[in-house]
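So the chains spell out like this:
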Amino acid sequence: NYGILTITGCTITHNTADYYGGGIYSDSGSTLTITEESTISHNSADSYGGGIYNKGTLTITASTISSNSTKYGGGIFNYEDGTLDITASTISHNSADCSDGGIYNSGTLTITTSTISHNSATSDGGIYNIGTLNITGSTISYNSADWYVGGIDNRETLTITGSTISYNSAAYYGGGIYLDLGPEIPIPTIGGSGEEKNIICGNYKTGEPPSLDQQIQDDSGSLYNTYKNTNIISA
């Protein structure tokens, strides 16, 4: 896609690409809309974006991105200037040989009332963010990484409210959420009061039972005390 493309109630499946976008490649300046129970599944790319590679404006509504595979960004690879809005959709069972099983984001990503689950990668099973990531009323669960970070690996701008992050796993840092809190990275907004509170629970280190330190952490260790008043956090 180099222009304006709308995919409505369609299935795109079992396609392959040598480099980018096994199912769909959407370039800079393009507009792509996927809606009404469309399915992007069982596609693969050798390098980036097993299901979708996006550099333009992408909107996904009431659709499923599943069982796609590549090296980076098994489900979706949203690159730099790319804008991605996901609403009432499911990103699941995607895989990456290297990292970013579910979604890689270096652009702007908004996830609303959606599910990111059962994705896997060597590192960063669910979502890897080095752009702007906003999550509202969604579920990030049962994602896994052979090495680092099961659920969400955040290294830039992050807001999560009213969501559930549960039962994700990794061999090392952060079964649930890992935060890079370097001096040039904005302080993330995680939770709040009332319905803004997130449920963060049941995340664990591979081969061990769920523990409080695996729910949300940075390089220094557990961030339970930092976020316990604005979220519901438990092992």
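All of these numbers come straight from a predicted model, not from anything done at the bench.

### Some details on the overall build of the chain
Looking only at helices and strands, one finds one helix and 34 strands in the chain. Over its C-alpha atoms, taken along the principal directions, the chain stretches across nearly 50 × 35 × 30 Å. Looking at the chain as a whole, 50% of its 235 residues qualify as buried. Of all intrachain contacts in the chain linking residues separated by at least 6 positions in sequence, the fraction that spans at least 24 positions is 76%. A total accessible area of about 9500 Å² is found for the chain, and carbon and sulfur atoms account for 48% of it.

### Some words on the sheet that holds strand β12 (residues 76–78)
Ordered by their spatial adjacency, nine strands build an open sheet running β4-β8-β12-β16-β20-β24-β28-β32-β33, and the pairing between neighbours is mixed. Since the sheet does not close on itself, it has two edges, and those belong to β4 (24–26) and β33 (221–222), each with one partner. Here three bridges tie strand β20 (residues 127–129) to strand β24 (residues 152–154), and the two strands are oriented parallel to one another. Residue Ile-127 lies in a different strand from β24, and its bridge partner there is Ile-152.

### A few points about the sheet that holds strand β2 (residues 11–13)
Taken in spatial order, the nine strands line up as β2-β6-β10-β14-β18-β22-β26-β30-β34 in an open sheet, and their pairing is parallel. Of all the strands in the sheet, just β2 and β34 (231–234) have a single pairing partner and so form its edges. Across the sheet, the axes of successive neighbouring strands diverge by a mean angle of 5 degrees, strand direction being ignored. One ladder, built from three bridges, connects strand β26 (residues 164–166) with strand β30 (residues 198–201); its direction is parallel. Across the sheet, Thr-164 pairs through a bridge with Ile-199, a residue of β30.

### Let's talk about the pattern of salt bridges
Tallying each qualifying case throughout the model produces three salt bridges. Among the ionic pairs, Arg-155 bridges to Asp-180, the shortest N-O distance being 3.5 Å. Pair noted here: Arg-155 is in the loop between β24 and β25 (157–161) and Asp-180 is in the loop between β28 (177–179) and β29 (189–190), with a separation of 25 residues, a long-range link. Through salt bridges with shared partners, a single ionic network connects Asp-153, Arg-155 and Asp-180.

### Considerations on a nonpolar patch on the surface
On the surface, a nonpolar cluster with roughly 410 Å² of combined accessible area is contributed by Trp-147, Tyr-148, Tyr-172 and Tyr-173. Within the secondary structure, Trp-147 is located in the loop between β23 (144–145) and β24. Take Trp-147: its relative accessible area is 39%, and that puts it in the partly exposed class.

### Quick notes on the packing of aromatic side chains
In total, this model carries 18 aromatic pairs according to the counting rule given. Their ring planes at 70 degrees and their centres at 5.1 Å tell us that Tyr-48 and Phe-77 sit as a pair that is edge-to-face. Taken together, the residues span a long stretch of sequence, with Tyr-48 in the loop between β7 (44–45) and β8 (52–54) and Phe-77 in strand β12 at a distance of 29 residues. The class for Tyr-48 is partly exposed, based on a relative accessible area of 29%. Three or more aromatic residues joined by ring pairs make a cluster, and in this case those are Tyr-2, Tyr-19, Tyr-20, Tyr-25, Tyr-48, Tyr-53, Tyr-72, Phe-77, Tyr-79, Tyr-104 and Tyr-128.

### Overview of the environment of Asp-27
As for its position among the elements, Asp-27 is in the loop between β4 and β5 (31–35). Distance from Asp-27 to Thr-87, taken between C-alpha atoms, is 21 Å for residues 60 residues apart in sequence. When residues no more than four places from it in sequence are discounted, the contact partners of Asp-27 are Asn-1, Tyr-2, Lys-55 and Gly-56.

### Overview of the pairing of β34
With burial as the criterion, only one face of β34 is covered, namely that bearing Asn-231 and Ile-233; the residues Ile-232 and Ser-234 on the opposite face remain uncovered. Taken together, the four bridges between β30 and β34 define a ladder with parallel strand orientation. Note on β34: the bridge partner recorded for Asn-198 is Asn-231.

### Description of the pairing of strand β13 (residues 83–87)
Across the two faces of β13 the burial differs, with Leu-84 and Ile-86 buried and Thr-83, Asp-85 and Thr-87 not buried at all. Across five bridges, the pairing between strand β9 (residues 57–61) and β13 is parallel. Bridge pairing in β13 places Thr-57 opposite Thr-83. Across five bridges, β13 lies against strand β17 (residues 108–112) in parallel orientation. Bridged to Asp-85 within β17 is Thr-110.

Cut-off values and rules
- Residues numbered from 1 in each chain as written.
- Predicted model: local features only at pLDDT ≥ 70, side-chain atom pairs only at ≥ 80, totals over all residues.
- Heavy atoms only, no water.
- Helix = DSSP H or I, 4+ residues; strand = E, 2+ residues; numbered from the N terminus.
- Buried < 20%, exposed > 50% of the residue type's maximum accessible area, 1.4 Å probe, protein only.
- Contact = heavy atoms within 4.5 Å.
- Areas by Shrake-Rupley, 256 points an atom, 1.4 Å probe, with all protein chains shown as cover.
- Pairing = 2+ DSSP bridges.
- Axes fitted to C-alpha atoms, helices over the stretch in contact; angles between N-to-C directions.
- Salt bridge = Lys/Arg side-chain N within 4 Å of Asp/Glu carboxyl O.
- Patch = residues over 30% accessible without salt bridge, like charges linked within 9 Å, V, L, I, M, F, W, Y side chains within 5 Å.
- Phe/Tyr/Trp six-rings, centres within 6.5 Å; stacked < 30°, edge-to-face > 60°.

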